Structure formats: structure tokens, C-alpha cells
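Structural features, examined
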Amino acid sequence: MQAIHINEFVKDLSDLGPRDVEIPQRKGEKDLVVKITHAALTHVDMLYAQGLHQNNRRHVKPPFILGTEFAGVITSCSPSSSFQPGTKVFGGSLGSFADYVRADESSVRRVPDQWTNAEACAVGASGAVSWGSLVFVAGLKRGETALILGASGGLGVMAVQIAKAVGAKAIAIVGDEEKAKMIQEAGADDVVNYREDKWEEKVKALTHDGEGVDVVYDAIGAVESGIKCLRYRGRLVIVGFAARDGNIEKVLANRILLKSITVHGYRFGEDGRRFPQNTETVWQGFLKLVEDGSIKPVIYREKYFGLRSISRALEDLRAHRTWGRAILTISEDVDVEEKARL
Ligand SMILES: NC(=O)c1ccc[n+]([C@@H]2O[C@H](COP(=O)([O-])OP(=O)(O)OC[C@H]3O[C@@H](n4cnc5c(N)ncnc54)[C@H](OP(=O)(O)O)[C@@H]3O)[C@@H](O)[C@H]2O)c1
């Protein structure tokens, strides 16, 4: 099969190209082999390619196949598995920029009937990460206001929809007009552009008493700004550092004291490794929203076909051109099957 195989971290994303490798085989009882139809391009993939992610110190070192999120069709599983060959699944596992991936059963879910494989891939684990951050960790409730930093990204578009689904008001922070329109269509009540001066004051002015929001969801690494936007005793959850280019900010601890706020972190993958039952609870919470129709996948308009498009797609992501999830089609066969279903 073909795959984006990383023998050593690349300096330039244009150096990424497919090569021939062995099709992965099942090793354990819980392993599945999935023929990939679609893979998502994520911020994590961009960092993994260059060795810039915290996981590159321990869990993800060369040689490995790039790619973390996918949708596809199961080609092999244990006879005792709750899945069957032919089942359409989506999920997260290292090695998705390839024709096939081996994945643990716990890391995939059936593609919901109402979604195509491309749509399920666009949601991937982002919905669960965002539900875990907002609801499981930060305890967002009906009637509260949530501020979503990084709202135009793959995680952020899920966070906005989850905030709305639990009955909260969602204020979205994005970087341009096209993204503002997209996130309003996805359900955001208000949108503020982070390129405007003193955008934090604009956020506070949108809260009912001007005191600030109840919860900040930070996928970009703007904790200082997030704290400015929080009300007294507000909660902030750190999800990612998409805006930092590896330079993580230092925050003065007195800011936390002065507003009596709570700052949480949430690392979905590590939580799953340590507390699988919590992660199952998080998935169930998110999938309930999928079932009741509250969640709509958001796919970036540009089409990317085949593993040779990876460099171009990751470059579009790096240059802030994309919004929602950019999706790579790897096998067109299942696309034909999907179109026939419509
Ligand atoms: N905690 C976890 O378990 C977990 C799991 C998965 C991912 N993550 C992390 O979560 C973060 C977001 O992931 P993603 O997949 O949603 O990324 P993404 O799709 O690339 O989206 C990145 C977002 O960051 C925004 N952004 C980038 N630079 C910015 C800046 N200078 N100022 C303000 N906003 C900026 C972008 O906004 P514009 O496009 O509008 O500029 C975009 O909304 C990443 O750091 C990723 O590593 C965490």
C-alpha cells in the first residue's frame, strides 16, 4: 500500500510524499484493519510531521505513518469483535495517511446513518475532545455563556455546536470574514475577530452584565486573553496551542487569584490511556448530541484527492486558509457507494 511514512521529521511540509509500505496486520484481539476512504488534515498532523508536538518526545517517534483521523471500511477484525468486516467506521489512530490503518476497537465508532464517510471523518475525535473539554471538564451548563477560541478550526466548530446543544450561548473568535460567516451558520450567537484591537473588551460587552463569560474554551493558547474575558469565578479549559508556533505563553498566577477562576487542562489521548472509562463517557455524551441531530460536520470547500495532495492540504492549513476540517479522499470507490445512497 501507499502511505506518508516518516523516517525522519521534515523541515518543509512540501517534503512529504507517499511511498510503498506493507499493509498493517492485526496483532491483538482488539485490533481492526480499516481500508481508509478519507483522512482529516489536522493541526496535530502538521506538528507530528515536523516533530513539534509534545507527543513526539515519547509516543510518536520515527519511523511512523503520519495522519491521526480517518473514516473507512473494516477489512479485518477478530471473530469475537463487536464489529464486522464491511462496517463503515470513523475514528482516530496514528497512521491514517495511508490506504489501510490498524486501529484499536475502542478508537473507532460506526459511521452514523445520516453521515457520509467524509462527514464522519470531518468530525473524527474532535467532537469527543470538545465535549470532554466543555462539558466533562469545564462543566458548561444551560444558560451559561461560552467563549470559543479557535472557533473556525476542526475542534472549534464542534465546540460551538456543543455549547449551543447544551443550551449555552456561544461566542466565537475567528480571524476573517469568511470564517465569521461559516461559524454563524454553524450556530455561533456572536463572532469577534481576533485581529481587531482589544477584542477581549468586545467579548465582555457581549455578555449580559458586561462582566465576562462563564467558560473559555482555548484551542489556540491565549490564556491571558481568555482570563480577561472571564467573569469572576469563571472556568477556563486549555485544549491546544494552535496560535503559539511552539512558544507557550507564561501566565501570571495572580490573574487566576484576582478573579477566583479555575483553569483546567484536558488531554483527550492521555486521559483515554489512563482512564478509558472516562473517555467512553465522553464519547457517549457527544454521540447523544449526534443522534439528536445537534451536530453538523463542517468540511472545508477545497477538494484534496490522494496522498500526493497531503503537502498542499497541510500547507493550506498552515496558512490559515482552511476552516472546519480539510478532508483528503484516499479511496474514491466508497465515494461512489456514498453518492448512490443519496
Ligand atoms: N487537548 C486535546 O486532547 C487535543 C486534541 C486534538 C487537538 N488538540 C489541539 O487543539 C488545537 C486546535 O486543533 P484543531 O485541529 O482545531 O486545529 P485547526 O483546525 O488547525 O484550527 C486552528 C484554529 O486556531 C486558530 N488560530 C491559529 N492561529 C491563531 C492566532 N494567531 N490567533 C488566533 N487564532 C488562531 C485558527 O483560526 P483562524 O483560521 O481563524 O486564524 C483555527 O481556528 C491544536 O493545538 C491541537 O494540537 C488538542
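A quick note: this is a predicted structure, and the numbers were derived from the prediction, not measured.

Some thoughts on the overall build of the protein
The helix and strand inventory of the protein stands at 12 helices and 17 strands. Taken against the 2.2 N^0.38 rule, which gives 20 Å for 342 residues, the C-alpha radius of gyration of the protein at 20 Å falls within 12% of a compact globule. Along the longest, intermediate and shortest principal axes, the C-alpha atoms of the protein span 60 × 45 × 40 Å. The buried share among the 342 residues of the protein stands at 54%. Contacts in the protein between residues at least 24 apart in sequence constitute 67% of all its contacts with a sequence separation of at least 6. Of the roughly 15,900 Å² of accessible surface on the protein, 49% is carried by carbon and sulfur atoms. Averaging the locations of the 45 positively and 45 negatively charged side chains of the protein gives two centres separated by 4 Å.

Thoughts on the UniProt feature "domain: Enoyl reductase (ER)" (unreviewed entry) in the protein
Under the UniProt annotation, "domain: Enoyl reductase (ER)" (unreviewed entry) lies at residues 11–328. The annotated region residues 11–328 carries 31% helix and 24% strand content, and the separation between its end C-alpha atoms amounts to 22 Å.

So, the pattern of salt bridges
Counted under the stated rule, the structure contains 17 salt bridges. Put simply, D176 and K179 hold a salt bridge, and the shortest N to O gap is 3.8 Å. The salt bridge partner of R312 is E302, with a shortest N-O separation of 3.1 Å. Linking R312 in helix α11 (residues 310–318) with E302 in the loop between α10 (276–291) and β16 (304–305), this pair joins segments that are 10 residues apart in sequence. Overall, R312 belongs to the partly exposed group, its relative accessible area being 39%. Exposure remark for E302: the relative accessible area of 32% places this residue in the partly exposed category. Linked through salt bridges whose partners overlap, the residues forming this network are K141, E144 and R235.

Let's talk about the domain arrangement of the protein
How big an interface is tends to be stated in terms of the accessible area lost upon association of its parts. Domain annotation for the protein reports domain 1 (2–115 + 298–341) and domain 2 (126–270). Computed from C-alpha coordinates alone, the two centres of domain 1 and domain 2 are separated by 28 Å. For domain 1, the biggest contributors to the area lost against domain 2 are V298, H320 and W323; these three give 42% of the whole. For the pair domain 1 and domain 2, the number of links is 1 salt bridge. Two residues, R301 and E178, come together in a salt bridge whose shortest N-O distance is 2.8 Å.

Thresholds applied
Residues numbered from 1 in each chain as written. Predicted model: local features only at pLDDT ≥ 70, side-chain atom pairs only at ≥ 80, totals over all residues. Heavy atoms only, no water. Helix = DSSP H or I, 4+ residues; strand = E, 2+ residues; numbered from the N terminus. Rg over C-alpha atoms; globule rule 2.2 N^0.38 Å. Buried < 20%, exposed > 50% of the residue type's maximum accessible area, 1.4 Å probe, protein only. Contact = heavy atoms within 4.5 Å. Areas by Shrake-Rupley, 256 points an atom, 1.4 Å probe, with all protein chains shown as cover. Lys, Arg positive; Asp, Glu negative; His and termini not counted. Charge placed at Lys NZ, Arg CZ, Asp CG, Glu CD. UniProt positions renumbered as here; feature names shortened; annotations may be inferred. Salt bridge = Lys/Arg side-chain N within 4 Å of Asp/Glu carboxyl O. Domains from an automatic or database assignment. Buried area = accessible area lost by both parts, 1.4 Å probe.

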